[in-house]
Amino acid sequence: MRLVIQNDYDAVSQWAAAYIAKRINAFCATSDKPFVLGLPTGSSPLGIYKALIGLYTAGKLSFSQVLTFNMDEYVGLDETSPQSYHRFMWDNFFQHIDIDKNNVHILNGMAQDLTAECTGYEQRIASCGGIELFLGGMGEDGHIAFNEPGSSLRSRTRVKTLTRDTRLVNSRFFGNDPGKVPATALTVGVGTIMDSREILIIASGRNKARALHTAIEEGVSHLCPLSCLQMHPKAIILCDDDATSELKVSTMRYFKELEGNGIS
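Keep in mind the model is a prediction, meaning the values are calculated, not measured.

(A) View of helix α1 (residues 9–27). Taking 1.5 Å as the rise per residue, α1 with 19 residues should run 27 Å; its terminal C-alpha atoms sit 27 Å apart, in good agreement. Taken together, the buried positions of α1 are Val12, Ser13, Ala16, Ala17, Tyr19, Ile20, Ala21, Arg23, Ile24 and Phe27. Residue Cys28 follows α1 closely and has a positive phi angle near 55 degrees.

Structure, rendered in structure tokens:
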């Protein structure tokens, strides 16, 4: 696992966008062998999406041979809802790039059979050859997607009941009213994410510091789902200085030395 530390959120966003662009361009994707990219929603990736749009606009990146799978979606919100993750992705990213709409995959929170929707999502990922790179954020409690503390580290895409804390944090998108945040969501599982050939997780701000400490400096535990990255062969946690405020000095020195020596 790599820990890459940048000065601030803007630097994190630029680093992540450049890395994703490098991976896509080096992959030399075709219609028969597309680059499969996992994507998150929320505040954390907005800077990355803006930077990726800039690279596309400048002619340095194309998404014409990229398939995407989003991490999650609320149950009970249709794709036109302002708070749905469908709407978020099209408003903030997809409509600004050259991606084929048929290559975009987002869970359907309005599906009549939610279990079948989740099973089908796993099957679609497998049929594409698996996810090449999964970009994600992390919650203040160390959750990934909607895999909150207590989630099985082998979990797959499923219906998930959201905790009060998660609904409180996400209420900023619902007029600051936790009662308006759906109580359930569809989410890829920890096991789904871990099957990806590469994982890039971003963490920014002091509010993420304790979770980052737990994920990196303590053992692997279902009580901090992010800690599962310790077991992944190619995982990067990309953070800003504020997010490292709970890390030991020796931990910081270790990872900075590795990056300085070009070791990953």
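Now, onward.
(B) Representation of the sheet that holds strand β4 (residues 72–74) in the model. Ordered in space as β4-β8-β7, the 3 strands form an open sheet in which the pairing is antiparallel. In this open sheet, the two strands that pair with only one neighbour each are β4 and β7 (158–161). In this sheet, neighbouring strand axes are inclined to one another by 30 degrees on average, regardless of whether the strands run parallel or antiparallel. Sheet topology note: the β7/strand β8 (residues 184–187) ladder contains 4 bridges and is antiparallel. In the strand pairing of β8, Val159 is matched with Leu186.

(C) View of the pattern of salt bridges. Under the counting rule described, the total for this entry stands at 11 salt bridges. Linking Glu117 and Arg124 is a salt bridge whose minimum nitrogen-to-oxygen distance equals 3.7 Å. The exposure class of Glu117 is buried, given its relative accessible area of 14%. Judged by relative accessible area, Arg124 falls into the partly exposed class, the value being 30%. For Arg156, the salt bridge is made with Glu122, and the minimal N-O distance between the two is 3.1 Å. On the criterion of sequence distance, the pair formed by Arg156 in the loop between β6 (133–137) and β7 and Glu122 in helix α4 (residues 114–127) is long-range, its members being 34 residues apart.

Rules behind the numbers
- Residues numbered from 1 in each chain as written.
- Predicted model: local features only at pLDDT ≥ 70, side-chain atom pairs only at ≥ 80, totals over all residues.
- Heavy atoms only, no water.
- Helix = DSSP H or I, 4+ residues; strand = E, 2+ residues; numbered from the N terminus.
- Expected span 1.5 Å × (residues − 1).
- Buried < 20%, exposed > 50% of the residue type's maximum accessible area, 1.4 Å probe, protein only.
- Pairing = 2+ DSSP bridges.
- Axes fitted to C-alpha atoms, helices over the stretch in contact; angles between N-to-C directions.
- Salt bridge = Lys/Arg side-chain N within 4 Å of Asp/Glu carboxyl O.

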